[in-house]
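Geometric and topological summary
Chain by chain, the residues run as shown.
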Amino acid sequence: MSRQWLTVGSAALTPGLRHWLAPLVWLSLLVLFATGMAHLEGAFRWLEPDSREVIYRRAGFIALLGQHAMVVGIASLVAVVLGVGSAIAVTRPVGRDFLPLVSQLASIGQTFPPVAVLALAVPALGFGTLPIIVALLLYGLLPIVRNTLTGLDGIDPDVREAARGMGMTRGQLLRQVELPLAAPVILAGIRTSVTVNIATAALGATVGASNLGDPIIAGIINGNTAYIVQGALLIGLLALAVDSVFERLLRRG
Amino acid sequence: MIELFGVTKRFGAETAVDALSLRVEKGQVCVLVGTSGCGKSTTLRMINRLIEHDAGEIHLEGAPVRSFDEVTLRRRIGYVIQSTGLFPHWTVARNIGLVPRLLKWPRGRIHERVEELMALLGLPVQEFADKYPRQLSGGQAQRVGVARALAADPDILLMDEPFGALDPLTRQALQKQLQELQARLHKTVVFVTHDMDEALALADRLVVMRKGRIVQQGRPIDLLHEPADEFVESLLGGMDRGLKEAALTRVSERMLPLGPRLLASERIPYDASLSQALSLMLWHRVERLTVVDGEDIPVGELSLRRLLGGKSS
Amino acid sequence: MESGRCEPNRVLLVLMLAGLFAWLSLDAVSLAPNRIVSGTPYRAFQILGGWPALALALPMLIVAGLAWRSSRQALRAALWGVLALLTLLPWWLVAASVDLVEPGMAQARVGIGASIWLLLFVWLLALIELRTRLELSRPLGWLLLLPVLTSWWLALTWGQAPLSLYREYQARSDQFLTAVSTHLALVGAAVGTSLVLGALLALAMRRHPGVRRASFGLLSFLQTVPSLALFGLLLAPLAWLGARVDMLAAIGVSGIGWAPAFLALLGYSLLPMVRNIYVALEEVDPAVIESARGMGMSRRQVLLQVRLPLALPIVLEGIRITTVQAIGLTAVAALIGAGGLGTFVFQGLGQAAMDMVLLGALPILGLALIADATISALSERLRPGGAP
């Protein structure tokens, strides 16, 4: 009976679920490590035999992970809306005047080091979660703007011409032709933006935002490698999980 | 019916189309021909308002094009361009069904219409419906382009060098297909090309353009007989003009009934052109050909003197 | 562009109006009696009865007016207008300091407020816009900034404006110079080493596909490790090595300091470097190589005379990416005691001393921009036939 269920189960895995296998695996590993880090005390003890404490306990890993994901999530969401929106706006007749400036700005902005952006956000916005969200948002905006512009620019002008000639309205042209055709490039930009931001968000721990960067900073200050590994492990798994989702989306597109 | 009255278009200091007047009757194929940059494409694109004209008026069935909403206008006019402009992310069937979908036809009707058009253009539904444009050859893609333009059964078809990027064989095949389609559908067609052979083959009315103006217009045969100036003459092929004219006339128009004489050994189909007949005579060094019908049954004969326009042999 | 008619340049118009709005409605400067106390904000028109504020508002209105009819002459005039604004601004700050700072306040600091930051931002955007519209070359664009920078320098030194950022610099100018040189030394060492190692690795990859797969896999993985974590993770192993191996300890290898920073920087730099060198060597048009061989060039000649010159711009692009990235990462390395400009950032954040944060962050930004501009210009120079 149970054997039969198993085969049914694996058959049901095709094709819908199987495609999402990699993201699911990374995500479950992430949750597993975040909840059960304390059970690995033995391993961390081996890594850091001299320290009194080998598991970071100042805050729960789930809470830190939640904070981290929330900060990156909010920043990325706003960055996607603003980035794709402004790139679309400057490629329409209304905003075309702004295209040269925006595309130059997007390429100049790529050279801004994330630390500098973060450091500049603090004097303007004070300590805490807000400056890190704003810094991530600003920093994450650029690859999205640039890739959306590249994607829209890469569309064969004849396809656009044909679409207009067939009597598509500007809205239909954008939704049915331009965005679907540019989607892979836009998605690649969002992917870069989000993965870089997951790593950069860790720096937020230095400006008073509490997230997965906390254990790392604490580890550096106290010379406790176990803390650093715990923070890095979770950030890495989060990045891999998110990245595999994008990988999946891109392959389907 | 399409009418242009003193239509002008300027791009900056450049005048692309200069006070152009033109009248295309219903069911007529009007071919605009000229060297590149003569304003023929601009003229075409002003009809469906992809380019707005600066002065003059363009009328469709007596109403100025500006009186229509531009999107509604374009959905009523078929449009075919050289590079096809097929949407690479849509299947062939979806591409063809574009305008009906924009017009919100019911699903079933769109489906029917797409299959009908694919059959009309010789694209087997089984084989092509689910293919993507990048999987098609140039000729197939252009047939899909034509099918897409015909989808909502527009009265008017605008074609901007539709066969310009194809190899000569495919191009001729598509020209022939277009002629057959036109014989059944009787659309009002404005066709832009720089290829004079194509223009002569397709046109009911030939319009030669230069520097934004019409140099000469009329039936192809009339232009061949009396080119307005040296420019038109050179465009029409100069010394090759005779052959081009001969290419416009079918053997069946010149042949005589079978006479008492023996059948000539070389045969030619009755729907071949006079230039092909001349070529056969040159090749076989004969002065007489037997004209046969589709079943290879002799129906008449053609002599060299007759071909040249003489009364009888 | 091709038409003789002039439509308004809406970009410039919007920028100038935004500038005016910021100038009139936001805080321009703040005055603090010393470094610790937070300052009292002042708006532009509260200073010297508002007349100097008007003197800056007027050119902005003129530039906006010029933008209305954007002929080439008008845009050129607008360019001079924006440059004049940038040149005048520090003198307005001097005037504001004279007005606000009373003689007894030796420790007083004048902080730059939101309004002025926004003005600077908006004006620089206007400069970029004008440079693009007037099709000025990059070097000329930089050259135009020279009088502006001179003016700021004069205002700070000769005009003696007690700007807080400048005061902060004066207080630790020695430290600042050390930090800049440490920063640059780390970046230079990492980029230089990664260039050599990258070239060797890329050559090995061309020979052995196995090496290629393994290296790209490893280096890509390394790129995904957050910089903060990688720096941290290197602490313990290096401390262990420093403690056990005397020779390493003698050259200064220890858990904290330059050694982990250098290694981490090298790790991050290798991927873009190797990738670009590999691509540069691999993706030279095969027809070009074919014809070079066909003409009877030896392998060596093909490499030296054909492959390398064609590859150079792509390699330079790799150096550019690596350098810009390393400048940013070195800032993070301050957290593990590697020194550099990041020290100011993190110390400043620790003490909530924003001027100190800026003293670190702004030069980091500047270095990144300068490195990017210089190497881009160089690679444009070297690109055969100009266009890519």
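Residues numbered from 1 in each chain as written. Chains lettered and ligands numbered in written order. Predicted model: local features only at pLDDT ≥ 70, side-chain atom pairs only at ≥ 80, totals over all residues.

Section: the overall build of chain C
- Each helix and strand counted, chain C has 15 helices and three strands in total.
- Its C-alpha atoms put chain C at 75 × 65 × 30 Å along the principal axes.
- Relative to its full complement of 388 residues, chain C shows a buried share of 41%.
- Sequence-distant contacts, at least 24 apart, represent 73% of the contacts inside chain C between residues at least 6 apart. (Helix = DSSP H or I, 4+ residues; strand = E, 2+ residues; numbered from the N terminus. Buried ≥ 20, exposed ≤ 12 C-beta atoms within 10 Å, placed from the backbone. Contact = placed C-beta atoms within 7 Å.)

Brief notes about the overall build of chain A
- The helix and strand tally for chain A stands at twelve helices and zero strands.
- For chain A, the succession of helices and strands along the chain, N to C, is α-α-α-α-α-α-α-α-α-α-α-α.
- Referenced to the eigenvectors of the C-alpha coordinate spread, the extents of chain A come out at roughly 75 × 65 × 20 Å.
- The buried share of chain A, taken over its 253 residues, is 47%.
- Residue pairs at least 24 apart in sequence account for 74% of intrachain contacts in chain A once pairs closer than 6 positions are excluded.

Brief notes about the domain arrangement of chain C
- Domain annotation for chain C reports domain 1 (10–164) and domain 2 (173–382).
- Spacing between the C-alpha centres of domain 1 of chain C and domain 2 of chain C amounts to 37 Å. (Domains from an automatic or database assignment.)

Quick word on the UniProt feature "domain: ABC transmembrane type-1" (unreviewed entry) in chain A
- As recorded in UniProt, the sites labelled "domain: ABC transmembrane type-1" (unreviewed entry) are residues 65–246 of chain A.
- Split by type, residues 65–246 of chain A is 81% helix and 0% strand. Its first and last C-alpha atoms lie 20 Å apart. (UniProt positions renumbered as here; feature names shortened; annotations may be inferred.)

Digging into the pairing of strand β3 (residues 109–112) of chain C
Residue and element names in this part refer to chain C.
- Side chains Arg-109 and Gly-111 of β3 all project onto a buried face; the interleaved residues Val-110 and Ile-112 project onto the opposite face, where all are buried too.
- Both strand β1 (residues 27–32) and β3 contribute to a ladder of four bridges, which runs antiparallel. Following the sheet pairing, Ala-32 is matched in β3 by Arg-109. (Pairing = 2+ DSSP bridges.)

Topic: the nonpolar core
- Within the largest apolar cluster, 265 residues are counted, with the highest numbers of intra-cluster contacts made by B:Val31 and C:Val345.
- Examining the composition of this core, we find that 16 residues originate from one element, helix α11 (residues 258–282) of chain C, more than from any other.
- In contact with B:Val31, other than residues within four places in its own chain, are B:Phe191, B:Thr193, B:Ala199, B:Leu202, B:Ala203, B:Leu206 and B:Val207.
- Judged by nonpolar contacts, the second largest core, of ten residues, contains B:Val251, B:Ala277, B:Val291 and B:Leu307. (Core = buried A, V, L, I, M, F, W, Y, C linked by C-beta atoms within 7 Å.)

Notes on the sheet that holds strand β7 (residues 156–160) of chain B
All names here are of chain B.
- Read across the sheet, six strands follow the order β6-β7-β8-β3-β9-β10 without closing on themselves; strand pairing throughout is mixed. Looking at strand neighbours, the two that pair on one side only are β6 (77–81) and β10 (213–218), the edges of this open sheet. Taking each pair of neighbouring strands and ignoring which way they run, the sheet shows an average axis angle of 15 degrees.
- Across four bridges, the pairing between strand β3 (residues 29–33) and strand β9 (residues 205–210) is parallel. By the bridge assignment, Val-33 is partnered in β9 with Val-208. (Axes fitted to C-alpha atoms, helices over the stretch in contact; angles between N-to-C directions.)

Thoughts on the interface of chain C and chain A
- Counting from both sides, the interface comprises 38 residues of chain C and, opposite them, 33 residues of chain A.
- Only α1 (10–25), α4 (114–133), α9 (227–244), α13 (299–333), α14 (342–351) and α15 (354–382) of chain C provide two or more residues apiece to the side of chain C that touches chain A.
- No other element matches α15(C), which puts ten residues into the side of chain C that touches chain A.
- Considering only residue class, the side of chain C that touches chain A consists of 27 nonpolar, eight polar and three charged. (Nonpolar A, V, L, I, M, F, W, Y, C, P; charged D, E, K, R; others polar.)

Remarks on the environment of C:Glu129
- Tracing the chain through its elements places C:Glu129 in helix α4.
- Residues C:Glu129 and C:Ser194 lie 65 residues apart in sequence; the distance between their C-alpha atoms is 36 Å.
- Ignoring any residue separated from it by four or fewer positions in sequence, one finds C:Glu129 in contact with A:Leu101, C:Val11 and C:Leu12.

Some details on the UniProt feature "transmembrane region" (unreviewed entry) in chain A
Residues and elements named next belong to chain A.
- As annotated in UniProt, the feature "transmembrane region" (unreviewed entry) corresponds to residues 20–40, 61–90, 115–142, 181–207 and 227–246 in the numbering used here.
- Taken as a whole, residues 20–40 contains 76% helix and 0% strand, while its terminal C-alpha atoms sit 28 Å from one another.
- With 89% helix and 0% strand, the stretch residues 115–142 has end C-alpha atoms that lie 15 Å from each other.

Describing the environment of A:Leu101
- Along the polypeptide, A:Leu101 turns up in helix α6 (residues 99–109).
- Separated by 36 residues in the primary sequence, A:Leu101 and A:Leu65 place their C-alpha atoms 38 Å from one another.
- Those residues in contact with A:Leu101 that sit more than four places away from it in its chain are C:Val11, C:Leu125, C:Ile128 and C:Glu129.

A short note on α6(A)
- When α6(A) is considered as a whole, its buried residues turn out to be A:Leu101, A:Val102 and A:Ala106. Viewed end-on, α6(A) has its buried residues packed into an arc of 130 degrees, placing them on one side of the element.
- Considering only its buried residues, α6(A) is in contact with α5 (61–91) and α8 (129–153) of chain A together with α1 and α4 of chain C. (Arc of directions from axis to C-beta.)

Here we look at the sheet that holds strand β11 (residues 267–269) of chain B
Residues and elements named next belong to chain B.
- In space, the three strands of this open sheet follow the order β11-β12-β13, with mixed pairing throughout. Both outer strands of the open sheet, β11 and β13 (298–303), are each paired with one neighbouring strand and no more. On average, adjacent strands in this sheet sit at an angle of 35 degrees to one another, irrespective of strand direction.
- Pairing of strand β12 (residues 288–292) with β13 involves five bridges; the strand directions are antiparallel. Bridging across to β13, Val-291 finds its partner in Gly-300.

Focus on the confidence of the model for chain A
All names here are of chain A.
- The predicted model of chain A has a mean per-residue pLDDT of 85, with 92% of residues at 70 or higher.
- At the level of individual helices and strands, chain A shows its lowest average pLDDT in helix α1 (residues 2–13), which scores 45, and its highest in α5, which scores 93.
- The low-confidence segment residues 1–12, where pLDDT is below 50, has zero contacts with residues more than four positions distant or belonging to other chains. (pLDDT = per-residue confidence, 0-100.)

Points about the environment of B:Gln28
Residue and element names in this part refer to chain B.
- Within the secondary structure, Gln-28 is located in the loop between β2 (14–24) and β3.
- Separated by 27 residues in the primary sequence, Gln-28 and Met-1 place their C-alpha atoms 8.7 Å from one another.
- For Gln-28, the contacting residues outside a window of four places in its chain are Thr-188, Asp-204 and Arg-205.

Examining the pairing of β9(B)
Residue and element names in this part refer to chain B.
- For β9, a buried count of five out of six residues is recorded, marking the element as mostly surrounded by other parts of the structure.
- By the bridge criterion, five bridges tie β9 to β10 in an arrangement that is antiparallel. Counted as the bridge partner of Arg-210 is Arg-213 from β10.
- Two successive antiparallel strands, β9 and β10, enclose a turn made up of two residues, where Lys-211 displays a positive phi of approximately 50 degrees.

As for the packing of α5(A) against α8(A)
Residues and elements named next belong to chain A.
- Between α5 and α8, the shortest axis-to-axis distance is 7 Å and the interhelical angle comes to 35 degrees. Where α5 crosses over α8, the handedness of that crossing is right-handed.
- Across the contact of α5 with α8, the residue classes tally to 19 nonpolar, seven polar and no charged. (Left-handed = near helix turned anticlockwise from the far one by under 90°.)

Comments concerning unusual backbone geometry
All names here are of chain B.
- A positive phi angle, near 50 degrees, is found at Glu-61, a position not held by glycine.
- When you line up the elements, Glu-61 lands in the loop between β4 (55–60) and β5 (63–64).
- Given 11 C-beta atoms within a 10 Å radius, Glu-61 is considered exposed.
- If you check the backbone angles, Lys-104 has positive phi at about 60 degrees while not being a glycine.
- Positionally, Lys-104 belongs in the loop between α4 (98–102) and α5 (107–120).

Quick notes on helix α5 (residues 138–157) of chain C
Residue and element names in this part refer to chain C.
- Here α5 contains 20 residues, and its C-alpha end-to-end distance of 29 Å stays within 8% of the 28 Å for a straight helix at 1.5 Å per residue.
- Of all the bends found along α5, the most pronounced is centred on Leu-146 and spans about 25 degrees, while Pro-147, a proline, follows it within four residues.
- On its buried face, α5 sits against α3 (72–100) and α6 (164–171). (Expected span 1.5 Å × (residues − 1). Bend = angle between axes of the 7 residues up to and from the residue.)

Notes on the packing of α14(C) against α15(C)
All names here are of chain C.
- Running from N to C, α14 and α15 cross one another at 160 degrees; their axes reach a closest spacing of 7 Å. As judged from the angle between their axes, α14 and α15 are roughly antiparallel. Considering how the two elements wind past one another, α14 and α15 form a crossing that is left-handed. Along the contact surface, α14 presents Gly-342, Thr-343, Phe-344, Val-345, Gln-347, Gly-348, Leu-349 and Gln-351, while α15 presents Met-354, Met-356, Val-357, Leu-359, Gly-360 and Ala-361.
- Its residues placed into classes, the contact of α14 with α15 shows eight nonpolar, six polar and no charged. (Parallel < 35°, antiparallel > 145°, perpendicular 65-115°, else oblique.)

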